[in-house]
Amino acid sequence: MSVPSASALHPRVLPDFDLVLFGGTGDLAMRKLLPALFNRHRHGEMAAGARVIGVARGALTRDEYTALAEASCRTRLGDEFDAEQWPGFAARLHYLRVDATARADYAALSALLGGRESVVRLFFLSTAPDLFTSICCELAHAGAVTPASRIVLEKPLGTDAASANKINETVASAFREHQIYRIDHYLGKETVQNLLALRFGNALFEPLWRRGQVSHVQITVAEQLGVGSRADFYDDTGALRDMVQNHLLQLLCILAMEPPASSAADAVRDEKLKVLRALRPIGDAEAVVNTVRGQYRAGVIGTTPVGGYLDEEGVAPDSATETFVALKAQIETWRWAGVPFYLRTGKRLPEQVAEIVITFEEVPHSIFDGTPSSQPPNRLVIRLQPDENITLRILAKSPGEAMRLKAVDLSLDFAESFKARRFDAYERLLGDAIQGNLTLFMRRDEVDAAWRWIDPIRAAWDADGDGPRPYTAGTWGPSAASALIARDGFSWHGEL
Ligand code: BG6
């Protein structure tokens, strides 16, 4: 009997598709989406007929668009840019000038898509959210939404629960829920999926994954970058809406959810939703104690001097937008009652790092010299970037006659252990959307629950009138962030 090979069971070549990229000349398309698509092409993972149609307001010819895409892919991919493969990818690229609000402009799009109704049709909305309504209405009006169509929505999905609901209502008027792919690119990161493998592929960790065994959890997403060219967007958004509402809460969900019955999309999303709904609300009084917001001032990152947030082009001189958030979250369930989850994110911090740190309880009684608290507890560090690894700190005997304990790390470095090709987050998520796999995308009720937890924090901040605390670029945020965790007897991982 012949056994099908692994690649036959999981064909790498994506089904034929037309991907319509609204915001096709924008930052996300140029920096992330087109390089990700080119990578899938150059690894032979695209069907012969697959097309990418950039759509934007600019008056570009197809050649000009292709040249723009090439320049961006070259910069982004560096040595990995494969010049030989480029012409093949360029042949898939099209460009259409469309004003998203002008009905007449959609006729050309319909014409280009015509005759390929049975092929997967993906509308990727990488535009300002206030265009989502027009785009959905006009696509529906133009008859461009086929049963094989899907819509991919890039964050931010609104600015609060009410606006997110409005967007979701509009999108629902043209697309059914199973056709809607709400992207959170953190879920596409390889290590996040490895967290699922670690938790539910091993019998070892799950019994320890709870109160009584876990002392506390930290989730840090630190960036050295400032707001760059996105000040317009960022100044109206801030770190709470830009990062915590989505990326950090999604990491929290994957980390804290109950074991789903299967890896099917709704099984996983049901469990994530329960975590969001079990978060203890942070209202006015709690916000003072359990949240810290900051805004960077001029400083030095590494050896490079950088300006302050208020000096960035496009930022209002009296802006009270936060570029840093630290907060303590609590999940009110039997599994997690009393276990603090500390979340922290910010721009212009000393390192570019994203990691989850789970610290376990101390031994109840030490049979060695010293007290239990003189021995560092076990700690699991799941590093998402810049490198991808999992490290478990255990105590071992230090060589020599005396019985001395020393902390050592058991490490799993993914790049070392698996030589296979690794997908970047957008390569994976675009592939999943084309293949119809919703597991790593957010459902409408999840987005809503996340906003409902975030909105009162935002409201409390608006009400207190204090504004964010300043911190020097190149430091780990305001000292109040260290105080927030120190109050409970802990300190941030990596911060001395
Ligand atoms: C985006 C935010 O969602 O994530 C950006 O809008 C942030 O402000 C980015 O810089 C971080 O993503 P990554 O993958 O570079 O950590």
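Residues numbered from 1 in each chain as written. Predicted model: local features only at pLDDT ≥ 70, side-chain atom pairs only at ≥ 80, totals over all residues. Heavy atoms only, no water.

> Please explain the packing of helix H2 (residues 27–42) against helix H14 (residues 425–435) as it appears in this structure.
Helix-helix packing: each pair is described by the crossing angle between the helix axes and the interaxial distance. Closest axis-to-axis distance for the H2/H14 pair is 8 Å, and the angle between their directions is 70°. Here H14 runs roughly perpendicular to H2, going by the angle between their axes. Of the residues in H14, those in contact with Leu28, Lys32, Leu33, Ala36, Leu37, Asn39 and Arg40 of H2 are Tyr426, Glu427, Arg428, Leu430 and Gly431. Taken together, the residues of the contact of H2 with H14 break down into six nonpolar, two polar and four charged. (Axes fitted to C-alpha atoms, helices over the stretch in contact; angles between N-to-C directions. Helix = DSSP H or I, 4+ residues; strand = E, 2+ residues; numbered from the N terminus. Parallel < 35°, antiparallel > 145°, perpendicular 65-115°, else oblique. Contact = heavy atoms within 4.5 Å. Nonpolar A, V, L, I, M, F, W, Y, C, P; charged D, E, K, R; others polar.)

> Is there a simple way to think about unusual backbone geometry in this case?
Peptide bonds are trans in most cases, and residues, glycine excluded, mostly fall at negative phi. For the bond from Lys155 to Pro156, the omega torsion is 5°, close enough to zero to count as cis. Residue position: Pro156 is located in the loop between strand S5 (149–153) and helix H7 (161–174). Pro386 follows Gln385 through a cis peptide bond whose omega is 5°. Position of Pro386 relative to the elements: it lies in the loop between strand S14 (379–385) and strand S15 (389–398).

> Help me understand the packing of helix H10 (residues 238–256) against helix H15 (residues 444–464), please; the structure alone is not making it clear to me.
Relative to each other, H10 and H15 sit at 135°, their axes nearing to 10 Å. With respect to H15, the element H10 is oriented oblique. Handedness of the crossing formed by H10 with H15: right-handed. From H10, Leu240, Arg241, Val244, Gln245, Leu249 and Gln250 reach across to H15, where they touch Glu446, Val447, Ala450, Trp451, Trp453, Ile454, Ile457, Arg458 and Trp461. Class assignment for the residues of the contact of H10 with H15 results in ten nonpolar, two polar and three charged. (Left-handed = near helix turned anticlockwise from the far one by under 90°.)

> Would you explain the sheet that holds S15 in this entry?
Two strands in a sheet stick together by hydrogen bonds in their backbones, pointing the same way (parallel) or opposite ways (antiparallel). One open sheet holds the nine strands; their spatial order is S16-S15-S14-S13-S7-S12-S11-S8-S17, and the pairing between them is mixed. Two strands close off the open sheet at either side, each with one partner strand: strand S16 (404–413) and strand S17 (469–472). When the angles between neighbouring strand axes are averaged without regard to direction, this sheet yields 20°. As paired elements, strand S11 (residues 324–329) and strand S12 (residues 341–346) share six bridges and run antiparallel to each other. Directly across from Ala326, in S12, lies its bridge partner Arg344. (Pairing = 2+ DSSP bridges.)

> I keep staring at the pairing of S5 and nothing clicks. Help me out?
For a regular strand, the rule is simple: side chains alternate between the two faces of the sheet. Of all the five residues making up S5, five are buried; the element is thus mostly covered by neighbouring parts of the structure. Both faces of S5 are covered, namely the face carrying Ser149, Ile151 and Leu153 and the face carrying Arg150 and Val152. Both strand S4 (residues 120–125) and S5 contribute to a ladder of five bridges, which runs parallel. Paired with Leu125 across the strands is Leu153, a residue of S5. Considered for its hand, the β-α-β crossover made up of S4, helix H6 (residues 132–141) and S5 is right-handed. Bridge count for S5 against strand S6 (residues 180–182) is three bridges, and the pairing is parallel. Of the residues in S6, the one forming a bridge with Ile151 is Ile180. With H7 bridging S5 and its parallel neighbour S6, the resulting β-α-β unit is right-handed. (Buried < 20%, exposed > 50% of the residue type's maximum accessible area, 1.4 Å probe, protein only. Right-handed = clockwise from strand over helix to strand, strands pointing away.)

> Honestly, the packing of aromatic side chains in this entry has me stumped. Any pointers?
For any pair of aromatic rings, the description consists of the separation of the ring centres together with the inter-plane angle of the planes. Overall, the coordinates contain 18 aromatic pairs when judged by the stated rule. Judged by centre distance (5.7 Å) and plane angle (35°), the rings of Phe81 and Trp86 are tilted. Like Trp86, Phe81 is buried. Plain terms: the ring middles of Tyr342 and Trp492 are 6.1 Å apart, the flat faces sit at 75° to each other, and that makes the pair edge-to-face. With Tyr342 in strand S12 and Trp492 in the segment after helix H16 (479–486), this residue pair connects regions lying 150 residues apart in the sequence. Trp492 matches Tyr342 in its accessibility class, with the two residues each being buried. Taken together, the aromatic side chains of Tyr234, Tyr296, Tyr309, Phe324 and Tyr471 make up a single cluster linked through ring pairs. Positioned over the ring face of Tyr186 is Lys189, at 4.5 Å from the centre of the ring. The residue whose ring lies beneath Arg348 is Tyr296, and the NZ or CZ to ring-centre distance is 6.0 Å. (Phe/Tyr/Trp six-rings, centres within 6.5 Å; stacked < 30°, edge-to-face > 60°. Lys NZ or Arg CZ within 6 Å of the ring centre and 35° of its normal.)

Limitation: the analysis is restricted to geometry and does not speak to function.
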